[in-house]
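# Reading the structure
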Amino acid sequence: MNKIVVNGGRRLSGEVTVGGSKNAALPILFGGIVTGDVCTFSNLPRVSDVLQTLEILKFLGARIRFLQSGDVRVDYSSVRAACAPCTLTSAIRGSTYLLGAMLARFGKAELGGAGGCDFGSRPIDQHLLGFERMGAVVTCRESGVVLEAPNGLHGATIPLAMPSVGATANLMIAASLTEGETEIRNAAAEPHVAALAAFLGDAGARITGVGTDTICVQGVPKLHGTHNAIIPDMIEAGTYLCAGVACGGPVRVRAVCPEHLTPLLDAFSKMGAQIETGARSITVTAPKGYQCTDIVTGPFPAFPTDLHPQMAALFCLGNRASGEGSVTELVFESRFRYIEELRLMGAAVSVRDRCAFIQPSSLQAKKLRSPDLRGGAALLLAALATNGQSEITNASTIGRGYEHLEAKLRALGAHITVF
Ligand code: UD1
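Residues numbered from 1 in each chain as written. Predicted model: local features only at pLDDT ≥ 70, side-chain atom pairs only at ≥ 80, totals over all residues. Heavy atoms only, no water.

Compared with an ideal rise of 1.5 Å per residue, which puts 13 residues at 18 Å, helix α12 (residues 373-385) spans 19 Å between its outermost C-alpha atoms and is within 8% of the ideal. In terms of burial, α12 is a largely internal element, 13 of the 13 residues being buried. Where α12 begins, the side chain of D372 points an oxygen toward the backbone nitrogen of G375, at a separation of 2.7 Å. (Helix = DSSP H or I, 4+ residues; strand = E, 2+ residues; numbered from the N terminus. Expected span 1.5 Å × (residues − 1). Buried < 20%, exposed > 50% of the residue type's maximum accessible area, 1.4 Å probe, protein only. Polar contact = N/O pair within 3.5 Å; in protein donor to acceptor, adjacent residues only side chain to side chain.)

According to the domain assignment, the protein contains domain 1 (3-18 + 232-418) and domain 2 (22-229). A straight line from the C-alpha centre of domain 1 to that of domain 2 covers 30 Å. Taken residue by residue, the interface counts 19 residues in domain 1 and 20 residues in domain 2. Each partner contributes to the roughly 1,700 Å² buried at the junction of domain 1 and domain 2, and carbon and sulfur atoms together form 54% of this total. When the area that domain 1 buries against domain 2 is broken down by residue, the three leading residues are F300, R400 and E403, summing to 36%. For D49, the salt bridge is made with R400, and the minimal N-O distance between the two is 2.8 Å. Linking domain 1 to domain 2 there are six residue pairs in polar contact (both at pLDDT 80 or more). Along the lines of polarity and charge, the residues of the side of domain 1 that touches domain 2 split into six nonpolar, four polar and nine charged. (Domains from an automatic or database assignment. Contact = heavy atoms within 4.5 Å. Buried area = accessible area lost by both parts, 1.4 Å probe. Salt bridge = Lys/Arg side-chain N within 4 Å of Asp/Glu carboxyl O. Nonpolar A, V, L, I, M, F, W, Y, C, P; charged D, E, K, R; others polar.)

Once that is clear, we can look at the packing of aromatic side chains. Counted by the stated rule, this structure contains one aromatic pair. Where F41 meets F199, the ring centres are 5.9 Å apart and the plane angle is 45°; that geometry is what we call tilted. Of this pair, F41 sits in strand β3 (residues 38-42) while F199 sits in helix α7 (residues 191-202); the two residues are 158 residues apart in sequence, bridging distant segments of the chain. You can call F41 buried: its relative accessible area is 0%. Over the ring of F419 we find K3; its NZ or CZ atom is 5.5 Å from the centre of that ring. (Phe/Tyr/Trp six-rings, centres within 6.5 Å; stacked < 30°, edge-to-face > 60°. Lys NZ or Arg CZ within 6 Å of the ring centre and 35° of its normal.)

The subject of this paragraph is unusual backbone geometry. With the exception of glycine, the majority of residues adopt a negative phi angle, and the majority of peptide bonds are in the trans configuration. For the bond running from G249 to P250, omega is 5°, close enough to zero to count as cis. In this structure, P250 sits in strand β14 (residues 248-254). The step from F300 to P301 runs through a cis peptide bond, and the omega angle for that step is 10°. Within the fold, P301 resides in the loop between β18 (294-296) and α10 (308-316).

It is worth spelling out the packing of helix α11 (residues 337-344) against α12 at this point. Closest axis-to-axis distance for the α11/α12 pair is 9 Å, and the angle between their directions is 20°. Relative to α12, the element α11 lies roughly parallel. By crossing handedness, the relation of α11 to α12 is classed as right-handed. Of α12, the residues touching α11 (which contributes Y338, E341 and L342) are G375, A378, L379 and A382. Considered class by class, the residues forming the contact of α11 with α12 number five nonpolar, one polar and one charged. (Axes fitted to C-alpha atoms, helices over the stretch in contact; angles between N-to-C directions. Parallel < 35°, antiparallel > 145°, perpendicular 65-115°, else oblique. Left-handed = near helix turned anticlockwise from the far one by under 90°.)

Another aspect to go through is the site of the ligand. In the neighbourhood of the ligand, 19 residues make up the surrounding shell, with D125, Q126, S164, V165 and V331 lying closest. R122 has a polar side-chain atom sitting 2.8 Å from an oxygen atom of the ligand. When the free accessible area of the ligand is taken as 720 Å², the share hidden by the protein chains comes to 85%. The greatest single-element share of the shell around the ligand, amounting to three residues, is contributed by helix α5 (residues 125-133). In terms of residue class, the shell around the ligand is made up of seven nonpolar, eight polar and four charged. Composition of the shell around the ligand by domain shows at least three residues from each of domain 1 (3-18 + 232-418) and domain 2 (22-229). (Near = heavy atom within 4 Å. Areas by Shrake-Rupley, 256 points an atom, 1.4 Å probe, with all protein chains shown as cover.)

Relative to strand β12 (residues 214-218), strand β10 (residues 181-185) runs antiparallel, the two being bridged by five bridges. Along β12, the bridge assignment pairs I184 with I215. Between the antiparallel neighbours strand β11 (residues 206-208) and β12 lie five residues, among them G209 with a positive phi of about 85°. (Pairing = 2+ DSSP bridges.)

Here the focus is the sheet that holds strand β2 (residues 12-17). One open sheet accounts for four strands, arranged β2-β14-β16-β15; its pairing is mixed. On the outer flanks of this sheet lie β2 and β15 (274-277), each paired with one strand and no other. Adjacent strand axes in the sheet meet at a mean angle of 10°, parallel and antiparallel pairs treated alike. In terms of strand pairing, β14 meets strand β16 (residues 281-285) through four bridges, oriented antiparallel. Pairing of R252 across the sheet is with T283, part of β16.

Below, the structure written as structure tokens:
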């Protein structure tokens with residue numbers, strides 16, 4: 001996916017079936033290393049971050065087969081104690097999960113670099129602090145980080161400075177195969193953390209406290225293979241729901257867990273959109289437009305940082321929105337790069353510290369550049385709701401997280417072509 005061309009201003013309506021969650025799939029695929037066995041995965045989204053993860057696992061020796069059923073079979077028994085090249089790992093943030101998985105299985109882990117979206121500095125000090133508490137020796141070099149535990153790891157109490165999703169997941173993976181009890185305090189409670197815990201539990205790990213701020217892992221000497229159905233992607237679902245609100249709707253997303261999207265649905269209610277929730281589906285419609293509101297991101301169950309840019313785009317749309325809106329980003333220090341691009345379309349946004357204040361204004365179709373995955377999704381929403389032809393370059397950033405984007409948006413009536 002290099003470029004997206006949109007002829008916007010059309011009402012969108014219809015149904016979208018949501019795929020598997022990228023943010024759940026990555027820690028689960030890397031976490032599978034500690035099983036040392038065969039695992040099969042269904043509902044694995046074919047997005048570039050997942051394909052890159054499979055490439056990294058293949059390099060490390062895993063045997064991967066795409067089954068006719070659509071499932072993916074990964075044999076982790078052949079994974080060897082090696083360091084994946086930086087050219088592979090630096091493309092995705094999820095490669096940090098190699099640290100916990102390789103350390104627990106082989107007593108050594110090396111990571112040359114990890115990528116992901118640029119939201120300012122994204123340290124992994126909390127991951128490293130946790131591994132140190134479990135007995136690892138951490139060496140940070142210019143070429144990357146090396147973790148060693150020649151005599152094995154041991155259980156530990158790890159108080160995280162913030163409820164980091166990455167650190168919680170990485171430490172859970174390592175602790176599953178580590179003798180003794182590990183207690184992760186101030187743990188993250190995101191649905192994808194719970195999904196990883198369920199996968200590890202099915203593989204024989206003993207994990208309690210998931211969904212609370214204290215997760216306990218009683219290490220076991222050996223795990224085994226299992227089957228995992230990747231949970232629905234709440235961010236993909238939320239993005240299509242935003243498209244429904246931005247472009248009138250009704251848009252129904254199917255195969256979702258509505259309880260994962262409570263903060264978004266609360267915001268839509270305040271905005272005056274109509275919402276209908278089924279057991280596995282959500283429908284939104286906003287035929288006459290909507291009111292802006294104020295969003296503050298935070299760790300689950302607060303408003304997800306990965307849906308903030310999409311909401312900001314909705315507040316910019318003068319043809320649809322009224323009032324004034326704001327978005328306060330409390331998870332990442334710098335996540336407003338997409339706003340520069342929205343301003344090119346005529347958006348009236350002023351940013352102070354971590355808060356963007358938005359006045360709806362008349363937008364114009366433009367040539368835009370996607371700065372990152374969700375920022376790119378925000379530009380796409382603005383383009384879909386704005387009359388005329390917009391172009392979004394650097395669209396591979398969007399392809400990292402949205403499966404069958406063109407087909408799904410066309411099914412809703414969008415005039416979109418992906419090059
Ligand atoms: C974040 C999201 C997660 C989303 C993912 C992908 C939250 C809390 N996390 O996870 O839901 O799936 O992006 O977009 O919404 N931090 C440190 N040191 C560390 C680890 C984290 O300072 O060792 C800081 C980060 O810089 C950030 C905050 O803690 O400011 C949250 O980080 P974390 O949850 O780890 O981010 P991701 O795992 O990338």
